[in-house]
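# Breakdown of the fold
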Number of protein chains: 2
Amino acid sequence: MSALPSDAVSRDLVARFAALVGPRHALTDPADIAPYLVEWRDLYRGVTPVVLRPGSVAEVAAILKLAHETGTPIIPQSGNTGLVGGQTPDCSGREVLLSLTRLDKVRTVDAEGGTMTVEAGVTLQAVHDAAEAAGWLFPLTLASQGSCRIGGNIATNAGGTAVLAYGNMRELVMGLEVVLADGRVWNGLRRLRKDNAGYDLKQLFIGAEGTLGIVTAAVLKLVARPARTAVAFAGLDSAQAALGLLERARRRAGPALTGFELLPRRGLEFTVRHLPGARDPLADPHAWYALLELSGGQEADPQAMLEEILSDALEAEVAADAALAQSEAQAADFWRLRHGMSEVQKHEGGSIKHDISVPVAEVPAFLDEAIAAVEALVPGCRPVPFGHMGDGNIHFNVSQPVGADKVAYLAGWDAMNAVVHAIVARYDGSVAAEHGVGRLKRALLADVKDPVEMELMRTLKRALDPKGILNPGRVV
Amino acid sequence: MSALPSDAVSRDLVARFAALVGPRHALTDPADIAPYLVEWRDLYRGVTPVVLRPGSVAEVAAILKLAHETGTPIIPQSGNTGLVGGQTPDCSGREVLLSLTRLDKVRTVDAEGGTMTVEAGVTLQAVHDAAEAAGWLFPLTLASQGSCRIGGNIATNAGGTAVLAYGNMRELVMGLEVVLADGRVWNGLRRLRKDNAGYDLKQLFIGAEGTLGIVTAAVLKLVARPARTAVAFAGLDSAQAALGLLERARRRAGPALTGFELLPRRGLEFTVRHLPGARDPLADPHAWYALLELSGGQEADPQAMLEEILSDALEAEVAADAALAQSEAQAADFWRLRHGMSEVQKHEGGSIKHDISVPVAEVPAFLDEAIAAVEALVPGCRPVPFGHMGDGNIHFNVSQPVGADKVAYLAGWDAMNAVVHAIVARYDGSVAAEHGVGRLKRALLADVKDPVEMELMRTLKRALDPKGILNPGRVV
């Protein structure tokens, strides 16, 4: 503990916390602690006097009771895959890290009712597997699903590529068990599809990034497994054309439209260049591409429906070209072009990122304006905006000019953010659409939100965490 | 105002409130006020010194500012169709009624993005019509939709028969404009499908029955209009068989299953007896019936899908008999059997009602137990449990014994409620699944909820309405 700042938590207090979980599960050796202190993009590093790994809800409650009494800040962490610094302690050495990974039981699967009760430390992949074993689908789909955990998915109201049809994590949570700031446990593990008996308290904790309470378990809603899916890759002359295709697909397919992702030409070029085996499915280049997925039951025919949507769109000159996957392998290839989009940008130098959303109908106008603005700000920069067009959620990433100095380019991060976020504000959009606020965007919120909203958020924080010990300095 | 109790609001204060909306829109004549003071089942009557009918959000804000300063209780009301006394003032004469019916503009329809921004006083029917005009569907469907209004639908998190596929009102609200207890206005009228920039404040106000803020406008989510629907009426030997049929339909049809309603034999008999033109679609009597609806796009064939589901269920002896509607008129007839279910019970004497939900898979066991319990409590009573089986939400109504005294029977309302709600509690169910808490079930909540949940609710109420002026004595 010699590396800790002088105002760190006292040895005595660390010992009291450690006693609550037992010495085996209170990590103080720097080598044991290290993996908890760095997140995977290495944007945040912190220190902590102790990593507590409780094995039960009662232990989490005991930790928070002591933290409340002693005013000790607690940083909850589950899969440590967050992108905004919400799960990493700061450098004060005062923040105690509470890892939820030992709460990893699937408590029950209700195969008849289509629900599942799981603890916060269960990985998203394990939830997928348990749902499949019971003949259901848990639709939340993230690139990190092998390592991210349900507690974090709930705390950040996770999104992904299936939101269009199934909603964010919020829509998939039926009930919660939460340890409150003072150690009281709220048991809201209901399996009810309708319940208007008082305030819907679970909504408070979903997406609050651990600042209002610590989620220890949840009841999740399962959905029917589609018997068949169909996937297509369409070439488009403009983002406006992509919107037109989206609207046609939504009106025609309704809830059967389970994916609509946007990719720019430059993104596809990066992918073909850097992703082994990737190739352009279409003969000629197009300014934009859309990946469409339809899902259906046994009697529905998503392939025929998608074929109709595409042939109509080609005839109406909304789409310029399209390829309909003829096999599962080809469908997987199309999805790989989309899923590789983040990774391949690393090979093109520095990338300045924005996780924004605007109303769906405004995506084309927003893109035109934001692309022009960043190109004016940094001549030669290479915008690669892509993502969940069906949700109005665009990962507006901008790669550095070819041959530019990476460090110098990345030094302009905040300046570019300011330009893009100003445009987002004019479209009544969000500057934290999918990844949350954490530490990365906390200061930003006050700039973009009206004072009444900021006051309301602070009112809630004070009411539920009067001592400010739950993930302090995050979100609000 | 001679009928008001002596501690009523002073004439001077009434005049100050009236000045905020102008004399034409401040009703004090008892004849003008009367329609606002009685709800349609006539279970609640109240008095008020003045009915305020603001014509703008600014006027609502000015009213709440004055109410906050003077500690005057405000009862918000929109369509006055609530069933739990939430919208009716009490008899103290101290409560000022704030009617939102003049805020009745559809502000914008975003046909490209599939959203609509409406004021609180717009009727649900007008929302349906505006959505249809733009080529979309607003799926919330209630018997009262000609008179209920969006503000009330949001405040009570309304349900209805389309929840199975589209969710409650909560899932259909994208943004809100809310006047807070002290008159501040929160503008959260976002049209974003993804937004994790801070706490999701709108969730606080949806379903809070006007106790945490007054909703003045909302952004609603529109969905694709299904090109075709298919409806069937199935006869079943048991509620367990209904659950089996539901599970088959959900797994096979997924999101295409847009309705699954349960009716008991006795309910069908009441309907055939009292609803003009109603007839039993099946040749032989069955203990239970399910009404199924599937919806699909142009290429999907819900009729064929439903036929497959039914023939499989008949073969597996899950269903005893079934009729598939062969025309829109026949489909409407089937739905009429369901929609008449509340009305026809009036012809059979007194009815003691319970608006409950349990986990979907527990519905059969709950029904067996609750039916046996009320029959033991009141020999000869006639249970008519019906409703939204797909949501686990049963309107557990019990008609009086044939020939019994209605008043004497209804005097046993609380005693029967206690018996049924105790069973609901054992199934981790809700005693206010769809209609809310209001005044009717406020005292009940403390009996059925754990103390931590009650404390959390009171914490929120104190934080957002410190003077307790917003719909006091309702919910919490």
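Nothing here was measured: the structure is a model prediction, and the numbers come from that model. (Residues numbered from 1 in each chain as written. Chains lettered and ligands numbered in written order. Predicted model: local features only at pLDDT ≥ 70, side-chain atom pairs only at ≥ 80, totals over all residues. Heavy atoms only, no water.)

## With respect to the overall build of chain A
Counting its secondary structure elements, chain A contains 18 helices and 19 strands. Against the globule reference of 23 Å for 476 residues, chain A gives a C-alpha radius of gyration of 23 Å, in line with a compact fold. With the C-alpha coordinates of chain A rotated into their principal frame, the extents come out at 75 × 55 × 45 Å. Within chain A, the proportion of its 476 residues that are buried is 61%. (Helix = DSSP H or I, 4+ residues; strand = E, 2+ residues; numbered from the N terminus. Rg over C-alpha atoms; globule rule 2.2 N^0.38 Å. Buried < 20%, exposed > 50% of the residue type's maximum accessible area, 1.4 Å probe, protein only.)

## Concerning the sheet that holds strand E8 (residues 173-179) of chain B
Residue and element names in this part refer to chain B. A sheet is described by the order of its strands in space; here five strands give the open sequence E5-E6-E10-E8-E9, paired in antiparallel fashion. What marks the edges here is a single partner per strand, and that holds for strand E5 (106-110) and strand E9 (185-188). Strand-to-strand, the axes of this sheet are offset by a mean angle of 10°, without reference to chain direction. Two strands pair when backbone bridges link them, and strand E6 (residues 115-119) and strand E10 (residues 214-221) are joined in this way by five bridges, in the antiparallel orientation. Directly across from Glu 119, in E10, lies its bridge partner Ala 217. Against the sheet, helix H3 (residues 57-70) engages E5, E8, E9 and E10, with an angle of about 50° to E8. (Pairing = 2+ DSSP bridges. Axes fitted to C-alpha atoms, helices over the stretch in contact; angles between N-to-C directions. Contact = heavy atoms within 4.5 Å.)

## Thoughts on the relation of the copies chain A and chain B
With an axial shift of 0.0 Å and an RMSD of 0.0 Å, the rotation relating chain A to chain B amounts to 180°. In the structure described here, the two chain copies are related by an operation that fits a two-fold rotation axis. When C-alpha distances to the rotation axis are compared across chain A, the minimum falls at Ala 300 of chain A, with a value of 2.4 Å. A share of 99% of interface residues in chain A that are also interface residues in chain B marks the association as one of identical surfaces. (Least-squares fit on C-alpha atoms with pLDDT ≥ 70 in both.)

## Examining the UniProt feature "domain: FAD-binding PCMH-type" (unreviewed entry) in chain A
UniProt tags residues 44-225 of chain A as "domain: FAD-binding PCMH-type" (unreviewed entry). Span residues 44-225 of chain A is 23% helix and 24% strand, its end C-alpha atoms 38 Å apart. (UniProt positions renumbered as here; feature names shortened; annotations may be inferred.)

## Here's the deal with the sheet that holds strand E1 (residues 26-27) of chain A
Residues and elements named next belong to chain A. Taken together, the four strands give an open sheet; going across it, the order is E1-E2-E4-E3, and neighbouring strands pair in mixed fashion. Pairing within the sheet leaves two strands with one partner each, and these edge strands are E1 and strand E3 (74-77). As paired elements, strand E2 (residues 51-52) and strand E4 (residues 96-99) share two bridges and run parallel to each other. From the neighbouring strand, Leu 52 faces E4, where its bridge partner is Leu 98. Relative to E3, helix H3 (residues 57-70) is tilted by about 155°, and along the sheet it contacts E2, E3 and E4.

## Overview of empty space enclosed by the protein
Remark: the empty space left among the atoms is shown by a probe the size of a water molecule rolled over them. All told, the structure shown has three cavities of 30 Å³ or more when counted by the stated rule. Counted as a void, the second largest cavity has a volume near 130 Å³. Around the second largest cavity, the lining comprises 16 residues; the ones closest to its centre are Gln 203 and Leu 204 of chain A together with Asp 200, Gln 203 and Leu 204 of chain B. For the lining of the second largest cavity, the secondary-structure elements that each account for two or more residues are helix H8 (202-205) of chain A together with helix H8 (202-205) of chain B. (1 Å grid on protein atoms, 1.4 Å probe; cavity = no way out; pocket = protein on both sides within 12 Å on 5 of 7 lines; lining within 4 Å. Points joined across faces, edges and corners; volume = space filled by probe spheres on them.)

## Digging into the interface of chain A and chain B
Between chain A and chain B, the contact holds 91 residues from the first and 90 residues from the second. Between chain A and chain B lies a buried interface of about 7,400 Å² when both sides are counted; carbon and sulfur atoms form 54% of it. Seen at the junction of chain A and chain B, the total is 12 salt bridges. Among the salt bridges present, the one from Asp 200 of chain A reaches Arg 170 of chain B, with a minimum N-O distance of 3.3 Å. (Buried area = accessible area lost by both parts, 1.4 Å probe. Salt bridge = Lys/Arg side-chain N within 4 Å of Asp/Glu carboxyl O.)

## Some thoughts on the packing of aromatic side chains
Residues and elements named next belong to chain A. Under the counting rule described, the total for this entry stands at 10 aromatic pairs over all chains. An angle of 90° between the planes, with centres 6.3 Å apart, marks the rings of Phe 366 and Tyr 427 as edge-to-face. Residue Phe 366 is found in helix H14 (residues 363-377), and its partner Tyr 427 is found in the loop between helix H16 (413-426) and helix H17 (442-448); the two are separated by 61 residues along the sequence. For Phe 366, a relative accessible area of 0% translates into the label buried. Through pairs of rings, three or more aromatic residues link up here, namely Phe 233, Tyr 289 and Phe 334. (Phe/Tyr/Trp six-rings, centres within 6.5 Å; stacked < 30°, edge-to-face > 60°.)

## A few points about the packing of helix H1 (residues 11-21) of chain A against H3 of chain A
Helices that pack against each other are described as a pair by the angle of their axes relative to one another and the distance between those axes. All names here are of chain A. Between H1 and H3, whose axes approach to 9 Å, the crossing angle comes to 160°. Compared by their axis directions, H1 and H3 come out roughly antiparallel. The interaxial crossing formed by H1 with H3 has right-handed handedness. Contacts from Leu 13, Arg 16, Phe 17, Leu 20 and Val 21 in H1 reach Glu 59, Ala 62, Ile 63, Leu 66, Ala 67, Glu 69 and Thr 70 in H3. Considered class by class, the residues forming the contact of H1 with H3 number eight nonpolar, one polar and three charged. (Parallel < 35°, antiparallel > 145°, perpendicular 65-115°, else oblique. Left-handed = near helix turned anticlockwise from the far one by under 90°. Nonpolar A, V, L, I, M, F, W, Y, C, P; charged D, E, K, R; others polar.)

## Things to note about H14 of chain A
The first and last C-alpha atoms of H14 of chain A sit 21 Å apart over 15 residues, in line with the 21 Å expected at 1.5 Å per residue. Within H14 of chain A, the full set of buried residues consists of Val 363, Pro 364, Phe 366, Leu 367, Ala 370, Ile 371, Ala 373 and Val 374 of chain A. (Expected span 1.5 Å × (residues − 1).)

## Observations concerning unusual backbone geometry
Backbone geometry places Val 475 of chain A, a non-glycine residue, at a positive phi of 65°. Tracing the backbone through its elements, the reader meets Val 475 of chain A in the segment after helix H18 (451-464). Val 475 of chain A gets classed as buried once you look at its relative accessible area, which sits at 1%. The phi dihedral of Asp 428 of chain B is positive, around 55°, even though this residue is not glycine. The residue Asp 428 of chain B is located in the loop between helix H16 (413-426) and helix H17 (442-448) in this model.

## Describing the pattern of salt bridges
Opposite charge on two side chains lets them pair, provided their charged atoms get close. Scanning the entire structure with this criterion turns up 56 salt bridges over all chains. Among the salt bridges present, the one from Asp 200 of chain A reaches Lys 202 of chain A, with a minimum N-O distance of 2.9 Å. For the pair Asp 200 of chain A and Lys 202 of chain A, a shared accessibility class is recorded, and that class is buried. Measuring nitrogen to oxygen at the nearest pair gives 3.9 Å for the salt bridge that ties Lys 346 of chain B to Glu 343 of chain B. Take Lys 346 of chain B: its relative accessible area is 54%, and that puts it in the exposed class. Each of Lys 105, Arg 107, Glu 119 and Glu 177 of chain A takes part in one network of salt bridges that share partners.

## As for the nonpolar core
Core analysis: the biggest nonpolar cluster contains 92 residues, and Phe 138, Leu 176 and Phe 205 of chain A together with Phe 138 and Leu 176 of chain B have the highest contact counts within it. For Phe 205 of chain A, the contacting residues outside a window of four places in its chain are Ile 154, Ala 155, Leu 176, Val 178, Leu 180, Trp 186, Leu 212, Gly 213 and Val 215 of chain A together with Leu 456 of chain B. Counting 53 residues, the second largest nonpolar core, distinct from the first, contains Leu 243, Leu 246, Leu 262 and Met 305 of chain A. (Core = buried A, V, L, I, M, F, W, Y, C linked by side-chain atoms within 4.5 Å.)

## Some details on the environment of Ala 232 of chain B
All names here are of chain B. Examined against the element boundaries, Ala 232 turns out to sit in strand E12 (residues 228-236). Given the relative accessible area of 0%, Ala 232 is considered buried. For the pair Ala 232 and Ala 325, spaced 93 residues apart in the sequence, the C-alpha separation amounts to 5.6 Å. With near-sequence residues (within four places) excluded, Ala 232 lies in contact with Ala 290, Leu 291, Leu 292, Leu 306, Leu 310, Ala 323, Leu 324, Ala 325 and Phe 334.

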